[in-house]
Amino acid sequence: MTPDATRRRAIGQILLLAAGFLVLVAISTASVLLVNQTRSDNAGIVRAVEVEGMISTLLLQIRRAESSARAYFMTSDPQLLTDHEAAVATILPNLEELARSTSDNPAQAQHIKQLRASVEVRLQEFARFVDFIKGNDKASALAMARDVATGPTVKSITELSAAMRAEEERLLSLRIAAADRTQQLASAVTIAGSGLVIALAGISIFLVRRSANARDGAEAMLRENNLNLETTVDERTADLREANDEIQRFAYIVSHDLRSPLVNIMGFTSELEELRGDIFRRIASLARTQSAAPAAPDNATDSAEPVLEGADKQLSQDFTEALGFIKSSIAKMDRLITAILNLTREGRREFQPVQIDTRELIETIVSTVAHQAAEAEANIHIEPLPDIVSDRLAMEQIFSNLIDNALKYLRPGIPGELHVRGRTKLGFAIFEVSDNGRGIDPKDHQRIFDLFRRAGTQDKPGQGIGLAHVRALVRRLGGTMSVSSELNHGSTFTITLPIRWAATNRNRES
Amino acid sequence: MSNPVTIIMIEDDEGHARLIERNIRRSGVNNEIIPFTNGTDAVKYLFGSDGSGLAHKGNALLILLDLNLPDMTGIDILRRVKENAYLKCAPVVVLTTTDDSQEIKRCYELGANVYITKPVNYESFANAIRQLGLFFSVIQVPAAAT
């Protein structure tokens, strides 16, 4: 899986979560709104029912007043008059309450206005009727009662109250319908919202499962890759080891076989040298007999140089020079071959890790180079050094090479100051051998570690093997080495070695 | 050497063979030297066509042996010589370029009498061979077992 795809997937999941959250918020909001709507719908319904009740109460009180007035007319019982008066007293407050309850509806307000007028007329009629009875004017009262019963006031009150009741019925049915709608809407919103949430949850689960599967797959692949990597590394290591061994064998055989012809070249060159002696003695004696001058006695031994003149002398010198070059070249070649042989032999030696008192080891080396140091007027300072577990001989070779080099390449006329320092860091011991000698040009820093390569003025004997050998040893001991130096400002060689080197001899298994 | 001892020189490098012969002669040894440049011929001469070595019964031999031969290693020849009833008393001088300590040890274990590493430096080489010649002139070599 590419990083891009991973990022896209993460963004998708965040978006999904956000969508789910939004849906939940929307559902909650809608629910709250709808519940409020339902409450107000219900309040409207309740009010409509109440208004109807009030209309009934009003009409009831009017009827009560009417019937009690009539009964009073017939019996003249004062108790009935009291009833009538109590009923009349409730009519207007009832009407006012009805007016307050329906004040929001202009149609009902209109109705109330008319109703109030009719009711007031009716109340006046009641008052007049009661007055007639109190004045014993029974005839007028009877006539009035008859008129009123069929009169417009009673009729209008009945009609108006019927109209109001109808209006309230209408409102009631409207409000019930609205409440139904609201409830349906609420359930629809809830169902849709729940559905959406479930769908989102489903998608989330699917995505999570898919990414979990992808992760499991990736993990399995990683494990497999790790295994493969390990086997690959093992294979490569084995290959490298084989190649290294082969190179070692090759170097050994080549250097070994090169020696045989060298013996011949050297041998026959020496034979040639002897022949040269014979030839030139012969030439000398011939020259002498020609010039008839018995200069040297004939008993001159073989080793004596024959006396030669002019061109013969020149010839003899040329001969000697040529032979000299051949012999010095052979000697050099022999040294190189010996060096390679020693190096390969060293490469085949098995290292033994032992506890090493580093300071003691360095002091021993310093004591062996004391003479050279005195000649070069050099002081060697050994600072506190960490002890390590490593191969003793290899350590000796490493430090004696470095100290030798430091003494060898001091600046003439300047007393040498050599320092051997040490410290530890993260399981490694870091050693530094520094001097104030002639230094090494930075462009030669790599070169000096190459076999048979040297840097700077070639005024000291050497084959260019020491540092190559040291670096090979350091590497075999599981360490690294580096140099920091500038021309005329001394050099510092830094060697990092594991403090506890476990013998991982590269050529042990082969 | 008093009795007529034959020197068998097994050396693949003819230059070396020549230098060795010259320097032995210079030390005053005049015995017959039979040179071989490969192992096969030398083995054929030493052990005869039947491989028993019977042909040399009663002869006194001294063997100069190089280890690096083109067709076989000198160590094989050394082993066969030392295992052979007629030849096992013949002194074997291993003269080779190898100075590997394992190799040297092995040769002595197999019964080599002398092991000499050829010095590359010719003065040392010539000196070593002359001294070997002087050594040849004084040692006693038994005749092959009867």
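Above this text is the structure in question.
None of the values given here were measured: they were computed from a predicted structure.

1. With respect to the interface of chain B and chain A
Okay, step 1: With 18 residues of chain B at the interface, the matching set in chain A holds 17 residues.
Okay, step 2: Summed over both sides, the interface of chain B with chain A buries roughly 1500 Å², with 52% coming from carbon and sulfur.
Okay, step 3: It is B:T97, B:V120 and B:Y122 that lose the most area in chain B upon contact with chain A, and together they represent 39% of the buried surface on that side.
Okay, step 4: The interface formed by chain B and chain A holds 3 salt bridges in total.
Okay, step 5: The closest approach of N and O atoms between B:R26 and A:E274, which form a salt bridge, is 4.0 Å.
Okay, step 6: Taken together, the connections running from chain B to chain A amount to 4 residue pairs in polar contact (both at pLDDT 80 or more).
Okay, step 7: The biggest single contributor to the side of chain B that touches chain A is helix α1 (residues 14-26) of chain B, with 6 residues.
Okay, step 8: When the residues that make up the side of chain B that touches chain A are grouped by side-chain class, the tally is 5 nonpolar, 6 polar and 7 charged.

2. Overview of the sheet that holds strand β4 (residues 92-96) of chain B
Residue and element names in this part refer to chain B.
Okay, step 1: Strand order in this open sheet of 5 strands is β2-β1-β3-β4-β5, and the pairing throughout is parallel. On the outer flanks of this sheet lie β2 (33-36) and β5 (114-117), each paired with one strand and no other. Each strand of the sheet is rotated relative to its neighbour by a mean of 20°, with strand direction disregarded.
Okay, step 2: Relative to β4, strand β3 (residues 60-65) runs parallel, the two sharing 3 bridges. Within the sheet, the bridge partner assigned to L65 lies in β4 and is V94.
Okay, step 3: Contacts from α1 reach β1 (5-10), β2, β3 and β4, with the element oriented near 165° to β2.

3. A look at helix α5 (residues 122-138) of chain B
Okay, step 1: Compared with an ideal rise of 1.5 Å per residue, which puts 17 residues at 24 Å, α5(B) spans 24 Å between its outermost C-alpha atoms and is within 8% of the ideal.
Okay, step 2: Among the residues making up α5(B), those that are buried are B:Y122, B:F125, B:A126, B:I129, B:L132, B:G133 and B:F136. For α5(B), the arc enclosing every buried residue in end-on projection is 120°, short of the 170-degree limit, so these residues lie on one face.
Okay, step 3: Where α5(B) is buried, its residues meet α5 (152-291) of chain A together with β1, α1, β3, β4 and β5 of chain B.

4. Looking at the packing of α1(B) against α5(B)
Residues and elements named next belong to chain B.
Okay, step 1: In the contact formed by α1 and α5, the axes pass within 8 Å of each other and the chain directions differ by 55°. Classified by the angle their axes make, α1 and α5 are oblique. α1 and α5 meet at a crossing whose hand is right-handed. Only Y122, F125, A126, I129, R130 and F136 of α5 make contact with α1, whose side of the interface consists of L19, I20, N23, I24 and R26.

5. Remarks on a negative patch on the surface
Okay, step 1: Together, A:E230, A:D234, A:E235, A:D239, A:E242 and A:E246 line one region of the surface with negative charge.
Okay, step 2: Along the polypeptide, A:E235 turns up in helix α5.

Conventions and cut-offs
- Residues numbered from 1 in each chain as written.
- Chains lettered and ligands numbered in written order.
- Predicted model: local features only at pLDDT ≥ 70, side-chain atom pairs only at ≥ 80, totals over all residues.
- Heavy atoms only, no water.
- Contact = heavy atoms within 4.5 Å.
- Buried area = accessible area lost by both parts, 1.4 Å probe.
- Salt bridge = Lys/Arg side-chain N within 4 Å of Asp/Glu carboxyl O.
- Polar contact = N/O pair within 3.5 Å; in protein donor to acceptor, adjacent residues only side chain to side chain.
- Helix = DSSP H or I, 4+ residues; strand = E, 2+ residues; numbered from the N terminus.
- Nonpolar A, V, L, I, M, F, W, Y, C, P; charged D, E, K, R; others polar.
- Pairing = 2+ DSSP bridges.
- Axes fitted to C-alpha atoms, helices over the stretch in contact; angles between N-to-C directions.
- Expected span 1.5 Å × (residues − 1).
- Buried < 20%, exposed > 50% of the residue type's maximum accessible area, 1.4 Å probe, protein only.
- Arc of directions from axis to C-beta.
- Parallel < 35°, antiparallel > 145°, perpendicular 65-115°, else oblique.
- Left-handed = near helix turned anticlockwise from the far one by under 90°.
- Patch = residues over 30% accessible without salt bridge, like charges linked within 9 Å, V, L, I, M, F, W, Y side chains within 5 Å.
- Areas by Shrake-Rupley, 256 points an atom, 1.4 Å probe, with all protein chains shown as cover.
- Lys, Arg positive; Asp, Glu negative; His and termini not counted.
- Charge placed at Lys NZ, Arg CZ, Asp CG, Glu CD.

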